[in-house]
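What follows is each chain in one-letter form.
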Amino acid sequence: GYALGGLFLGPLLFTPFGAGGPEPTLQSHVRNAPFRFFPMELSLRNVPGYERFVMGGLRIIGRKDLFLPHGGPLWVRGASRTELYVSSAEPIERMVFLVQSIAPNNRVTLDSGSNREVLSMKRGEEQRVELPLERPFRVRIVGGRKLYYYRLVVTTSTGRVRHWTRFYPPNSCPYFAENDATRENFFVGAVLTYMGSGKHLNADLYTIQWGKVVAPRQVRAGEIFTVATRLFNRSDVPWTADGAARVNLSYHWITGGRMVIQDGERTLLPLPVPPGGRVSVRQRIKAPPEPGWYVLELDPVFENVAWFSDANGGNTYRVQVQVLPALPAAAPPTVAPAAPTTPSEDAEEEETGDAR
């Protein structure tokens, strides 16, 4: 009994003051063995130091010092072992991730308990990983419905520091000063993007028909404008409008027979488009920075999978646009310094009246 108790009390007693952490539940005696072998209590909510967020329809739970939700992708801490719990309302047969390394000579391991993938990655390299799942880690019944939990452990050997800006909601109490944003950093070992179960990633959804498209013929360099785009889904697969593997509208800029801008800005679909359906969107376009004659090529993209033009034989919509020089920036108004004057009698009377 003393020996077993010493395993748990030893780290706390030997480091009573040097075990600080960003949250009270992340002290070093809790982060290290043997506490790490205890299962996480998934029924507790709002536990300090832990974070819950939704990614691709799944709820992810883990320690906030080891991962950072960054829009669609998920940043995992470098040179660390990150334990994540995935919650789903339906059983999951497999999870597909797009893994990117921003550090050279990085060894990334994804372990679901039943399957394990080890990646040796270069800087900037991306690999798609499919993890078959045999059984859930735990099953809970909440409010009369089942929740299936799966455990995913991500281990990275190295990483790089990434800087990012955290924006805060509007200050509800203007009496106290508060920053609107702060500059922060995170030691990123790998970037994970959840692609779903993988069933729709190989689907042939690239058959399209262009409807009426209204685009301006002249724009200014660097100007942001809109194009009224109408598009029909002629495939047998619906176009998804959420998740990391979704269909977005985008474009390319071409001049002199060469493509000068490959990845245009994205315009989201308002709703999923079923087979045979259509979508009408005001597509956001940004003009090239240099004036000249260009070809604007509208091209949908199946995010993180492929451009439609690469899969359907180049069925894009092209329109010639003249990009004019940008307008010169307006000079700030200048205010002439006021000449010193002598207070008049009326002014003195007014000041006296104000004093009374």
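Residues numbered from 1 in each chain as written. Predicted model: local features only at pLDDT ≥ 70, side-chain atom pairs only at ≥ 80, totals over all residues. Heavy atoms only, no water.

Observations regarding the overall build of the protein
The helix and strand tally for the protein stands at four helices and 23 strands. Expressed as a percentage of the 356 residues in the protein, the buried residues total 37%. In the protein, 64% of the contacts between residues at least 6 apart in sequence involve partners at least 24 apart. Total accessible area computed for the protein in this model is approximately 21200 Å², and 52% of it derives from carbon and sulfur atoms. (Helix = DSSP H or I, 4+ residues; strand = E, 2+ residues; numbered from the N terminus. Buried < 20%, exposed > 50% of the residue type's maximum accessible area, 1.4 Å probe, protein only. Contact = heavy atoms within 4.5 Å. Areas by Shrake-Rupley, 256 points an atom, 1.4 Å probe, with all protein chains shown as cover.)

Digging into the sheet that holds strand β14 (residues 208–210)
With antiparallel pairing, the three strands of this open sheet are ordered in space as β14-β16-β20. The outermost strands of the open sheet, each flanked by one partner alone, are β14 and β20 (278–286). Along the sheet, successive strands turn relative to each other by an average axial angle of 40°, direction set aside. Of the strand pairs in this sheet, strand β16 (residues 224–233) and β20 are connected by nine bridges, and their pairing is antiparallel. Note that in β20 the partner of Ile 224 across the bridge is Lys 286. (Pairing = 2+ DSSP bridges. Axes fitted to C-alpha atoms, helices over the stretch in contact; angles between N-to-C directions.)

A short note on empty space enclosed by the protein
Scanning all chains against the criterion turns up one cavity of 30 Å³ or more. Together, Met 55, Leu 58, Ile 60, Leu 74, Leu 84, Val 86, Met 95, Phe 97, Leu 152, Leu 192 and Tyr 194 line the largest cavity. Only β2 (58–63), β5 (81–88), β6 (94–100) and β13 (181–196) provide two or more residues apiece to the lining of the largest cavity. Here the residues of the lining of the largest cavity sort into eleven nonpolar, no polar and no charged. (1 Å grid on protein atoms, 1.4 Å probe; cavity = no way out; pocket = protein on both sides within 12 Å on 5 of 7 lines; lining within 4 Å. Points joined across faces, edges and corners; volume = space filled by probe spheres on them. Nonpolar A, V, L, I, M, F, W, Y, C, P; charged D, E, K, R; others polar.)

Observations regarding the side chain of Ser 112
The topology assignment puts Ser 112 in the loop between β7 (106–111) and β8 (116–121). Discounting chain neighbours no more than four positions away, the residues touching Ser 112 are Leu 131, Pro 132, Leu 133, Arg 151 and Leu 152.

With respect to the packing of aromatic side chains
The tally for this structure, following the rule as stated, stands at ten aromatic pairs. Where Trp 75 meets Phe 186, the ring centres are 6.5 Å apart and the plane angle is 35°; that geometry is what we call tilted. Linking Trp 75 in strand β4 (residues 74–77) with Phe 186 in strand β13, this pair joins segments that are 111 residues apart in sequence. In this pair, the class of Trp 75 matches that of Phe 186, namely buried. Between Tyr 206 and Phe 308, the aromatic rings sit 5.1 Å apart at their centres with planes inclined by 80°, giving edge-to-face as the arrangement. In this pair, Tyr 206 is assigned in the loop between β13 and β14 and Phe 308 in helix α3 (residues 308–311), connecting sequence segments 102 residues apart. Each member of the pair, Tyr 206 together with Phe 308, is buried. Joined through ring pairs, the aromatic side chains of Tyr 206, Trp 239, Phe 302 and Phe 308 make up one cluster. A cation sits over an aromatic face here: Arg 77 above Phe 186, 4.5 Å from the ring centre. (Phe/Tyr/Trp six-rings, centres within 6.5 Å; stacked < 30°, edge-to-face > 60°. Lys NZ or Arg CZ within 6 Å of the ring centre and 35° of its normal.)

Overview of unusual backbone geometry
You will see that Ala 79, though not glycine, has its phi angle at about 50°, which is positive. In this structure, Ala 79 sits in the loop between β4 and β5. Using a relative accessible area of 49% as the deciding quantity, one classes Ala 79 as partly exposed. Positive phi outside glycine occurs at Asn 105, with the angle close to 50°. Inspection of the secondary structure puts Asn 105 in the loop between β6 and β7.

What to know about the layout of surface pockets
When its volume is computed, the second largest pocket comes out at roughly 300 Å³. Lining of the second largest pocket is provided by 18 residues; of these, Gly 72, Pro 73, Thr 193, Ala 244 and Asn 304 occupy positions nearest its centre. Examining the composition of the lining of the second largest pocket, we find that three residues originate from one element, β13, more than from any other. Residues that form the lining of the second largest pocket fall into these classes: seven nonpolar, eight polar and three charged.

Some thoughts on the nonpolar core
It is characteristic of soluble globular proteins that their nonpolar side chains tend to be buried jointly. One finds Trp 239 and Leu 296 to be the most contacted residues of the largest nonpolar core, which totals 37 residues. Looking at this core, the elements with two or more residues in it are β6, β14, β16, β17 (247–255), β20, β21 (292–302) and β23 (317–324). In contact with Trp 239, not counting residues within four places along its chain, are Leu 205, Thr 207, Ile 208, Leu 231, Phe 232, Asn 233, Val 247, Leu 269, Pro 272, Val 273 and Phe 308. Core analysis: the next-biggest nonpolar cluster, separate from the first, contains 27 residues, Met 55, Val 99, Leu 152 and Val 154 among them. (Core = buried A, V, L, I, M, F, W, Y, C linked by side-chain atoms within 4.5 Å.)

Some thoughts on the pattern of salt bridges
One pass over the full model with this rule turns up eight salt bridges. For Asp 263, the salt bridge goes to Arg 266, with nearest N and O atoms at 3.9 Å. Residue classification places Asp 263 among the exposed residues on the basis of a relative accessible area of 52%. Relative accessible area serves as the criterion here: at 31%, Arg 266 is assigned to the partly exposed category. The residue Arg 284 makes a salt bridge to Glu 265 at a minimum N-O spacing of 2.5 Å. Here Glu 265 lies in the loop between β18 (258–261) and β19 (267–268) and Arg 284 lies in strand β20, a separation of 19 residues in the sequence. Through salt bridges with shared partners, a single ionic network connects Asp 263, Arg 266 and Glu 303. (Salt bridge = Lys/Arg side-chain N within 4 Å of Asp/Glu carboxyl O.)

Nothing here speaks to function; it is geometry throughout.
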